[in-house]
Amino acid sequence: MTVTSGNVTLSKDGSNLIGISIGGGAPLCPCLYVVQVFDNTPASRDGTIAAGDEITGVNGKSVRGRTKVEVAKAIQAVKEEVVINYNKLHAEPSQGKTLDVILKKLKHRIVENMSSTTADALGLSRAILCNDGLVKKLDEMEGNATLYRGLMEHTRKIMKAMYEVSKTHRVFGDVFASIGVREPQPNASEAFTHFGDAHRTMEKHGIKLLKTVKPMLSDLSTFLNKAIPDTKLTIKKYCDAKFEYLSYCLKVKEMDDEEYSYAALQEPLYRVETGNYEYRLVLRCRQDARARFAKLRSDVLVKMELLDQKHVQDIVFQLQKFVSAMSQYHDTCYKCLQGADVFPIEVDLSRSTFACTNQENYQEDEEEEVEEAVEETEGAVGVAEGNLIGP
């Protein structure tokens, strides 16, 4: 941890403020330092001064030995622009991330989903402040993911069934086309062929339906397997930054309480008398943690908004696309069947390939079949009588 000197000129806002709060000073602390830099103020927009930096002078005049109230009045007394002399605190964030801060972070994680009654009973009531409605949207996101997963599964089953139907139409078409080719009668051949072509056309429409629905599954898969997991990861990072920021806030509050307790007892506190560097380091870590927390919160809000918009727009568009494709498929198949209404088909059996050329042979074969049937019947009757008489 090192310190470098410098100065910065800040233009005041309409309220005659530069946007910092001051701590330390006489009679307890030998130095004055910046406790917090407020957002959207001249100091935050300039970015030179940060929490934990020591204030050594105002407009070139030393402020050593003064109280923080006197320094605040000196800054307010200057109009328009004020020059702040400072000693910049340079420190690694890891130096302020002590075991105590890590345990406080763990405490916030534990209490995140507790009720206030349970937290109070366990003595963790401060940590209940970390409850965040933004994180609760994870449950809603899980519900959307379940909806998309079920929709994809159902759509896959429908596509598989439609593929089987298309294969059946193809087989139907091939069979009837084969019959049409073999049928010698022109009218019947044309009818069978036309009916087979209609089923082949229906098979093509089924394949077209599958090609139309397939991109829908791809879009839903992208939303389910990429967009939602990416947002979940961002929310987890946001939660981690939030817990860390709250841990530093809790640490600062405990150190403030310690200072007030010693001051009330009029006893010296070593870290305060020696420049309060540990406290200033925690202030710097809190400011850095807050900046990370604010950035990640902004990212989460943007992603959640985009995800909600995509969910609302995408689910409506995909369902409309699916319903429209199915409706078009059924309408087209219905028209194909209407155009192939060739039944009843009149077939002249006397001219069929199944007709016998020799009438006498046909009669002789018929008489032989009748005689064989009579003999089989008489044999069956004899066996039945034998079974009834018994041995």
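If you're wondering where the values come from, they're calculated on a predicted model, not measured in any experiment.

**Concerning the overall build of the protein chain**
Here is step 1: The helix and strand tally for the protein chain stands at ten helices and six strands.
Here is step 2: Split into buried and exposed, the 391 residues of the protein chain put 37% on the buried side.
Here is step 3: In the protein chain, 75% of the contacts between residues at least 6 apart in sequence involve partners at least 24 apart.
Here is step 4: For the protein chain, the computed accessible surface area is about 23,700 Å², with 55% contributed by carbon and sulfur atoms.

**Thoughts on the pattern of salt bridges**
Here is step 1: Within this structure, the stated rule accounts for 17 salt bridges.
Here is step 2: One salt bridge in this structure joins Asp230 and Lys303, with 2.8 Å as the shortest N-O distance. Taken together, the positions of Asp230 in helix H7 (residues 186–264) and Lys303 in helix H9 (residues 277–339) put the pair 73 residues apart, joining distant regions of the chain.
Here is step 3: As a salt-bridge pair, Asp257 and Lys253 come within 3.0 Å of each other at their nearest N and O atoms. Remark: Lys253 and Asp257 occur in helix H7; sequence separation between them is four residues, near one turn of the helix.
Here is step 4: Classification of Asp257 by relative accessible area gives partly exposed; the value is 27%.
Here is step 5: Judged by relative accessible area, Lys253 falls into the partly exposed class, the value being 39%.
Here is step 6: Residues participating in the shared-partner salt-bridge network are Asp53, Lys88 and Arg284.

**Focus on a nonpolar patch on the surface**
Here is step 1: Residues Leu99, Ile102, Leu103, Leu106 and Ile110 make up a contiguous nonpolar surface patch of roughly 490 Å² in combined accessible area.
Here is step 2: Checked against the element boundaries, Leu103 lands in helix H4 (residues 99–111).
Here is step 3: Classification of Leu103 by relative accessible area gives partly exposed; the value is 49%.

**Focus: the environment of Gln338**
Here is step 1: Position of Gln338 relative to the elements: it lies in helix H9.
Here is step 2: Sequence spacing of Gln338 and Ala198 is 140 residues, and the spatial spacing of their C-alpha atoms is 9.5 Å.

**Digging into the packing of aromatic side chains**
Here is step 1: Going through the model one piece at a time under the given rule, you end up with seven aromatic pairs.
Here is step 2: Between the aromatic rings of Tyr33 and Tyr279, the centroid separation amounts to 6.0 Å while the plane-to-plane angle is 65 degrees, which identifies the pairing as edge-to-face. Of this pair, Tyr33 sits in strand E3 (residues 32–37) while Tyr279 sits in helix H9, and the two are 246 residues apart along the sequence.
Here is step 3: Since its relative accessible area comes to 2%, Tyr33 is described here as buried.
Here is step 4: Taking the relative accessible area as the measure of exposure, Tyr279 reaches 4% and is therefore buried.
Here is step 5: Ring centres 4.7 Å apart and planes at 80 degrees place the aromatic pair Phe176 and Phe195 in the edge-to-face group. Taken together, the residues Phe176 in helix H6 (residues 137–182) and Phe195 in helix H7 connect sequence positions 19 residues apart.
Here is step 6: A residue is classified by how much of its surface remains accessible, and Phe176, at 16% relative accessible area, is buried.

**So, the packing of H4 against H7**
Here is step 1: Close contact between H4 and H7 brings their axes to 8 Å; oriented N to C, the two are set at 120 degrees. By the angle class used here, H4 and H7 are oblique. Seen along the crossing, H4 lies across H7 with a hand that is right-handed. Across from Asp100, Val101, Lys104, Lys105, Lys107, His108 and Arg109 in H4, the residues of H7 making contact are Asp240, Phe243, Glu244, Leu246, Ser247, Tyr248, Leu250, Lys251 and Glu254.
Here is step 2: For the contact of H4 with H7, the class distribution of residues is five nonpolar, two polar and nine charged.

**As for the confidence of the model for the protein chain**
Here is step 1: For the protein chain, the average pLDDT comes to 81, and 82% of its residues sit at 70 or higher.
Here is step 2: Segment residues 383–391: pLDDT under 50, and zero contacts once partners within four positions in sequence are set aside and those in other chains are kept.

**Remarks on H4**
Here is step 1: End to end, H4 covers 18 Å across 13 residues, agreeing with the expected 18 Å (1.5 Å per residue, within 8%).
Here is step 2: Within H4 the residues assigned to the buried category are Val101, Lys104, Lys105, His108 and Val111. Here the buried residues of H4 occupy an arc of 130 degrees about the axis, which is enough to place them on one side.

**Section: the pairing of E3**
Here is step 1: Summarising burial for E3: five of the six residues are buried, a large majority.
Here is step 2: Sheet topology note: the strand E2 (residues 20–24)/E3 ladder contains five bridges and is antiparallel. Residue pairing for E3: Gly23 is matched across the bridge by Tyr33.
Here is step 3: Alignment of E3 against strand E4 (residues 54–58), held across two bridges, turns out to be antiparallel.

Cut-offs and rules
- Residues numbered from 1 in each chain as written.
- Predicted model: local features only at pLDDT ≥ 70, side-chain atom pairs only at ≥ 80, totals over all residues.
- Heavy atoms only, no water.
- Helix = DSSP H or I, 4+ residues; strand = E, 2+ residues; numbered from the N terminus.
- Buried < 20%, exposed > 50% of the residue type's maximum accessible area, 1.4 Å probe, protein only.
- Contact = heavy atoms within 4.5 Å.
- Areas by Shrake-Rupley, 256 points an atom, 1.4 Å probe, with all protein chains shown as cover.
- Salt bridge = Lys/Arg side-chain N within 4 Å of Asp/Glu carboxyl O.
- Patch = residues over 30% accessible without salt bridge, like charges linked within 9 Å, V, L, I, M, F, W, Y side chains within 5 Å.
- Phe/Tyr/Trp six-rings, centres within 6.5 Å; stacked < 30°, edge-to-face > 60°.
- Axes fitted to C-alpha atoms, helices over the stretch in contact; angles between N-to-C directions.
- Parallel < 35°, antiparallel > 145°, perpendicular 65-115°, else oblique.
- Left-handed = near helix turned anticlockwise from the far one by under 90°.
- Nonpolar A, V, L, I, M, F, W, Y, C, P; charged D, E, K, R; others polar.
- pLDDT = per-residue confidence, 0-100.
- Expected span 1.5 Å × (residues − 1).
- Arc of directions from axis to C-beta.
- Pairing = 2+ DSSP bridges.

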